[in-house]
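Spelled out, the chains give:
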Amino acid sequence: MAAPIVYVSPTQQDATAGDPVFVDIEVAGLTEATGGFSFFVSFNSAYLQAVNYTVGAGLGAVTDFSGPVVPAGPFDLYVFSIEDPADLPALQGASFTLARLEFLAVANGLSPVTLSDVVLSNADGSATLDLGGVRNGSVCVGGNCVVPEPGSMMLLAVGAVAAAYRARATARRRTTDGSRRP
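Sheet architecture is open: five strands sit in the order β5-β8-β3-β1-β10, paired in mixed fashion. Whereas interior strands pair on both sides, the edge strands pair on one side only; in this sheet they are β5 (48-55) and β10 (133-135). The average angle at which neighbouring strand axes cross in this sheet is 20°, direction not considered. Pairing of strand β3 (residues 20-28) with strand β8 (residues 95-105), which is carried by nine bridges, proceeds in the antiparallel orientation. If you follow E26 over to β8, its bridge partner there is T97.

Put into structure tokens, the structure is as follows:
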């Protein structure tokens, strides 16, 4: 049986400094209803400032034990449904939005949006669901936030090693009076 995945949506987005940025935290692959969730949200406060959040409709009426939204982060969300557990499957289906986060883009740069300590409870809150994974996201403020691919970094490293080897080999072929060996 597949386990649910909690993820940031969109995975990557661009923003301009001064603009609001909205990020959804979603769950997909549910095979049973969830009655609540908790997780920490981290981000780079040099580029984003947390403003607010709203809980998605998939839990119906809720009790929210979350701490305050800290503009410089991180902050936690800790929410449980007060609906009848039998009503939750109809509200959720196989996927739904857990929460929508609002940030303010404050300066140019790349900020990860990272979820940690992610927990989903079963419908009545008596146990936790096994997760299939967590996928984080990022926000590029001001454009030009290119992150080199790991393969590109390897290619640069191989090129640098080859150039150093060639320079060393050339230096060995020179004699002390500056002439080249045959």
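On to the packing of aromatic side chains, then. Summed over the entire model, instances satisfying the criterion amount to five aromatic pairs. Taking 5.0 Å as the distance between ring centres and 70° as the angle between the ring planes, the aromatic pair formed by F43 and F103 counts as edge-to-face. Within this pair, whereas F43 is found in strand β4 (residues 34-43), its partner F103 is found in strand β8, the two being separated by 60 residues in sequence. A relative accessible area of 0% places F103 in the buried class. Grouping aromatic residues by their ring pairs yields a cluster made of F43, F75 and F103. The lysine or arginine in question, R135, covers the ring of Y7, its NZ or CZ lying 4.9 Å from the ring centre.

Tallied over the entire structure, the rule returns one disulfide. Two residues, C140 and C145, share a disulfide whose sulfurs are 2.2 Å apart. The sign of the 80° torsion about the S-S bond sets the C140-C145 disulfide as right-handed. Note on accessibility: C140 and C145 belong to one class, buried.

Reading the values: rules and limits
- Residues numbered from 1 in each chain as written.
- Predicted model: local features only at pLDDT ≥ 70, side-chain atom pairs only at ≥ 80, totals over all residues.
- Heavy atoms only, no water.
- Pairing = 2+ DSSP bridges.
- Helix = DSSP H or I, 4+ residues; strand = E, 2+ residues; numbered from the N terminus.
- Axes fitted to C-alpha atoms, helices over the stretch in contact; angles between N-to-C directions.
- Phe/Tyr/Trp six-rings, centres within 6.5 Å; stacked < 30°, edge-to-face > 60°.
- Buried < 20%, exposed > 50% of the residue type's maximum accessible area, 1.4 Å probe, protein only.
- Lys NZ or Arg CZ within 6 Å of the ring centre and 35° of its normal.
- Disulfide = S-S within 2.5 Å.

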